[in-house]
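Report on the structure
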Amino acid sequence: MNPWIKSAIVALILSISLPAQAGFFDWLWGSKNKGATKHPIVLVPGIFAFDTIAGIDYWYRIPGALEDEGATVYVPKINAFDSSSMRGERLIQQLDAIRAASDGRITRFNLIGHSQGGITARYVMNVRPDLVASVTTLHSPHKGSPLADVLTGTAPEGSLRGVGFETLANTVGNLVNLLSANKADRSDIYAMLSEFNKPGAAAFNNLFPAGVPTSDCGQGPSSVNLYGHPIRLYSWSGTARFTTGLDPSDTLFGLTSLAIPGASDGVTGRCSSHFGQVIRDDYSMNHIDVNNQVLGMVSLFETSPLTLMRNHARRLKNAGL
């Protein structure tokens, strides 16, 4: 048998069977409290945001993996397509509600955001730092994504082509919201895109510079103090487009990466992902491998997203967060 075909078959079997056996190797991790952070972890989704649809989590198997480590985890309801400020205001409402219901047990949160979820977390950090103990961004395009420039350039808002695109995209976004039982929001695709093209990203960073590197591909500060509230900052990302050959996202991000110069995950350039303390920026992961999608089909030759998240919970705990 062709060795490439054989490898693909093995990858398929493992990608299906290993997630189903979640917990089988848990004894390797030792104490179940090693990831019991002081403050709850809030997993903030990116575009196409949802918590669970048809039993499938946006953060596939990740909340359970963190809870097995002893962490308290929340996944908020966030609009599929909208600006980070509007999404951030919705997140603030939910964080305030969680804190109010905790009878003083919960004071702050560790926000972990994927893609636009990282920008949403930055908004919350800046306008309500009293709610935030740390912000971790995963594959977030802090300095924009050329994909947004392509879309806003080929289908400008208000043009005939733009109206058609807007109608279709917002219909899809509203369907995602409906299936995720999020009836509070209506999608706004151009509010999202205009934030991630080059001028929109620059404007957001000018308004909220905390944590963003000042050099083209440097690191930001590992912590900031906003209005008397210390906040730790982390990020990581990947630069792979092709990770399994079986995951349909490989084809998608292989195509979208053509619009992005240099190394990227198919949406976010390596340097654009930098924020705060950069843990690593070249994992063999595409844009959605980090949240263990699609359905756990990720590279067998890279650290599992579940392991990365467990390790980060321990990092947060060890930092007193």
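Everything below is about the structure shown above.
The structure contained in this document is the topic of the report that follows. A quick note: this is a predicted structure, and the numbers were derived from the prediction, not measured. (Residues numbered from 1 in each chain as written. Predicted model: local features only at pLDDT ≥ 70, side-chain atom pairs only at ≥ 80, totals over all residues. Heavy atoms only, no water.)

1. What about the pairing of strand E1 (residues 41-44)?
- Neither face of E1 is exposed, since Ile-41 and Leu-43 on one face and Val-42 and Val-44 on the opposite face are all buried.
- As paired strands, E1 and strand E5 (residues 109-114) are joined by 4 bridges and run parallel to one another. Its bridge partner being in E5, Val-44 is matched across the sheet by Gly-113. (Buried < 20%, exposed > 50% of the residue type's maximum accessible area, 1.4 Å probe, protein only. Helix = DSSP H or I, 4+ residues; strand = E, 2+ residues; numbered from the N terminus. Pairing = 2+ DSSP bridges.)

2. What about the packing of aromatic side chains?
- By the definition in use, this model includes 6 aromatic pairs.
- Between Phe-48 and Phe-81, the ring centres sit 4.9 Å apart and the planes meet at 75 degrees, which makes this aromatic pair edge-to-face. Here the residue Phe-48 occupies a position in the loop between E1 and strand E2 (52-53), and Phe-81 occupies one in the loop between strand E4 (73-74) and helix H3 (84-101), the gap between them amounting to 33 residues.
- Both rings, one in Tyr-123 and one in Phe-208, keep their centres 5.7 Å apart while their planes meet at 90 degrees; by these two values the pair is edge-to-face. On the criterion of sequence distance, the pair formed by Tyr-123 in helix H4 (residues 116-127) and Phe-208 in the loop between helix H8 (198-207) and strand E7 (223-226) is long-range, its members being 85 residues apart. For the pair Tyr-123 and Phe-208, a shared accessibility class is recorded, and that class is buried.
- Every member of this aromatic cluster is reached through a ring pair, and the members are Phe-50, Tyr-58 and Trp-59. (Phe/Tyr/Trp six-rings, centres within 6.5 Å; stacked < 30°, edge-to-face > 60°.)

3. Let's talk about the packing of helix H7 (residues 189-196) against H8
- Look at H7 against H8: their axes get within 4 Å of each other, and the N-to-C directions meet at 80 degrees. Looking at the two axes, H7 sits roughly perpendicular to H8. For the pair H7 and H8, the contacting residues are Ser-194, Glu-195 and Phe-196 in the first and Lys-198, Gly-200, Ala-201 and Phe-204 in the second.
- When grouped by side-chain class, the residues that make up the contact of H7 with H8 number 3 nonpolar, 2 polar and 2 charged. (Axes fitted to C-alpha atoms, helices over the stretch in contact; angles between N-to-C directions. Parallel < 35°, antiparallel > 145°, perpendicular 65-115°, else oblique. Contact = heavy atoms within 4.5 Å. Nonpolar A, V, L, I, M, F, W, Y, C, P; charged D, E, K, R; others polar.)

4. Looking at the pattern of salt bridges
- Tallying each qualifying case throughout the model produces 9 salt bridges.
- Of the charged contacts, one joins Arg-90 and Asp-185 as a salt bridge, the two residues approaching to 2.9 Å between their closest N and O atoms. Separated by 95 residues along the polypeptide, Arg-90 in helix H3 and Asp-185 in the loop between helix H6 (160-179) and H7 bring together distant segments of the chain.
- In this structure, Asp-282 engages Arg-280 in a salt bridge whose closest nitrogen and oxygen atoms are separated by 2.7 Å.
- Asp-282 gets classed as partly exposed once you look at its relative accessible area, which sits at 39%. (Salt bridge = Lys/Arg side-chain N within 4 Å of Asp/Glu carboxyl O.)

5. Let's talk about helix H5 (residues 146-154)
- The set of residues buried in H5 consists of Leu-147, Ala-148 and Thr-152. The arc that holds the buried residues of H5, viewed along the axis, is 125 degrees, so those residues lie on one side. (Arc of directions from axis to C-beta.)

6. Some points on helix H10 (residues 305-318)
- The terminal C-alpha atoms of H10, which comprises 14 residues, lie 20 Å apart, in line with the 20 Å expected from a rise of 1.5 Å per residue.
- Taken together, the buried positions of H10 are Pro-305, Leu-306, Leu-308, Met-309, Arg-310, His-312, Ala-313, Arg-314 and Leu-316.
- Residues of H10 that are buried in the fold lie against E1, helix H2 (62-68), E5, strand E6 (132-138), strand E8 (229-238) and strand E9 (277-283).
- If you check the start of H10, you find a side-chain oxygen 3.1 Å away from the backbone N of Leu-306, and it comes from Ser-304.
- Gly-320 occupies a position one or two residues after H10 and carries a positive phi of about 80 degrees. (Expected span 1.5 Å × (residues − 1). Polar contact = N/O pair within 3.5 Å; in protein donor to acceptor, adjacent residues only side chain to side chain.)

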